[in-house]
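# Secondary and tertiary structure notes
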Amino acid sequence: MKKKKDIIPPVVISFDYIRNSNCIDGMNTLPSNCIDLIIADPPYNLSKSRDWKWDNSASLAGMGGNWNITNENWDNMPLEDYFNFSLAWLSEAKRILKPTGSMWIFGTYHNIGIINFACQMLGIEIINEVIWYKKNAFPNLSGRRLTASHETILWTHSGGKKRNYFFDYDYSKNGDFPSDKLKIPGKQMRTVWDLSNNKQQEELKFGKHPTQKPIKILTRIIKLSSRPGDVILAPFAGAGSECVAAKIVGRHYIGFETDKEYCRISEERLAYTEKENEQINLFQIKQGGMSIDKTRD
Ligand SMILES: C[S@@+](CC[C@H](N)C(=O)[O-])C[C@H]1O[C@@H](n2cnc3c(N)ncnc32)[C@H](O)[C@@H]1O
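Reference entry: report on the structure contained in this document. Note that this is a predicted model, so its numbers are computed, not measured.

Taken together, 23 residues are adjacent to the ligand, and D41, H209, A239, S241 and E257 come closest. In this structure, H209 approaches the ligand through a side-chain N or O atom, which is 2.7 Å from an oxygen atom. Interatomic distance of 2.6 Å between a side-chain N/O atom of E257 and an oxygen atom of the ligand. Protein coverage of the free-state accessible area of the ligand, which is 600 Å², stands at 97%. Its residues assigned to classes, the shell around the ligand shows ten nonpolar, nine polar and four charged.

The next thing to look at is the sheet that holds strand β6 (residues 125-133). Ordered by their spatial adjacency, eight strands build an open sheet running β1-β10-β9-β2-β5-β7-β6-β8, and the pairing between neighbours is mixed. Two strands in the sheet have a free side with no partner beyond their single neighbour: β1 (17-20) and β8 (192-194). Looking at each pair of strands side by side, their axes are set apart by 20 degrees on average, direction ignored. Examined bridge by bridge, β1 and strand β10 (residues 252-257) share four bridges and lie parallel to one another. Within the sheet, the bridge partner assigned to N20 lies in β10 and is E257. Taken strand by strand, helix α5 (residues 215-225) contacts β2 (35-40), β5 (97-107), β6, β7 (150-157), β8 and β9 (231-234), and its axis lies near 155 degrees from that of β5.

Thresholds, definitions, all that
Residues numbered from 1 in each chain as written. Predicted model: local features only at pLDDT ≥ 70, side-chain atom pairs only at ≥ 80, totals over all residues. Heavy atoms only, no water. Near = heavy atom within 4 Å. Polar contact = N/O pair within 3.5 Å; in protein donor to acceptor, adjacent residues only side chain to side chain. Areas by Shrake-Rupley, 256 points an atom, 1.4 Å probe, with all protein chains shown as cover. Nonpolar A, V, L, I, M, F, W, Y, C, P; charged D, E, K, R; others polar. Pairing = 2+ DSSP bridges. Helix = DSSP H or I, 4+ residues; strand = E, 2+ residues; numbered from the N terminus. Axes fitted to C-alpha atoms, helices over the stretch in contact; angles between N-to-C directions. Contact = heavy atoms within 4.5 Å.

Put into structure tokens, the structure is as follows:
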């Protein structure tokens, strides 16, 4: 039987919105222990010119590789600011995450060490480090380095000793992942995922984002670590991919995004997804319950 102190009363919050706001301010408005899953795709801090100016005294040779260098202001901070920014948003994320919840964080070698260190400082436990292998990665044009063809995703939880985070083990083992040549049907899912970075036409229908994530990797994450009806938070919503993916698989969402134009793209994508969901439901009813799974990767 659960002890009284282990029972956390449910917190009622509103959801299914994207707010044009800094995520730290946005998360600040939310009560503690209210979010089931966070999918964070923060700035990787790689929009640098050829030389990396870590501070006023030192510079490192370009770390550009094949990354889609966007030269966006939101993706260009001095190292110390980036570290403090990471600590600030991760602290808020930890506070609002339920003990049964977890958080996935995307990154590359440019930022993931900093995020990893910040998590450890805050007592956020790393459950797994997933390598997202992109076999269709853009070739290296300079011929001066290896072709960058993966991103890293940290799966974490808020650090409670009981490790009460939700994990759909059955889906991870027996789910359908036809395009992932590294996933053997019926065997445990490993930490290297083979998924192309290609997006469907409808993902780009309302405008592009320079670092947009494909829906198929997000629905995989959501199904692995949340239940239908759960609330998913995207602190860096971009073009709304995490929120759209949540809606496709019957979860609720909250997104924060500082750029108005990306909020506009997100809203249009979400309205389109709503219509699509309705059409799929109608079709399934007409076909006597036949189900359509748009999320198979
Ligand atoms: C890596 S992109 C996310 C892309 C998103 N995963 C998608 O697929 O559309 C990061 C986004 O965070 C936004 N951003 C940067 N700093 C932010 C902050 N402090 N709060 C909220 N959004 C922020 C940027 O405008 C950018 O759109």
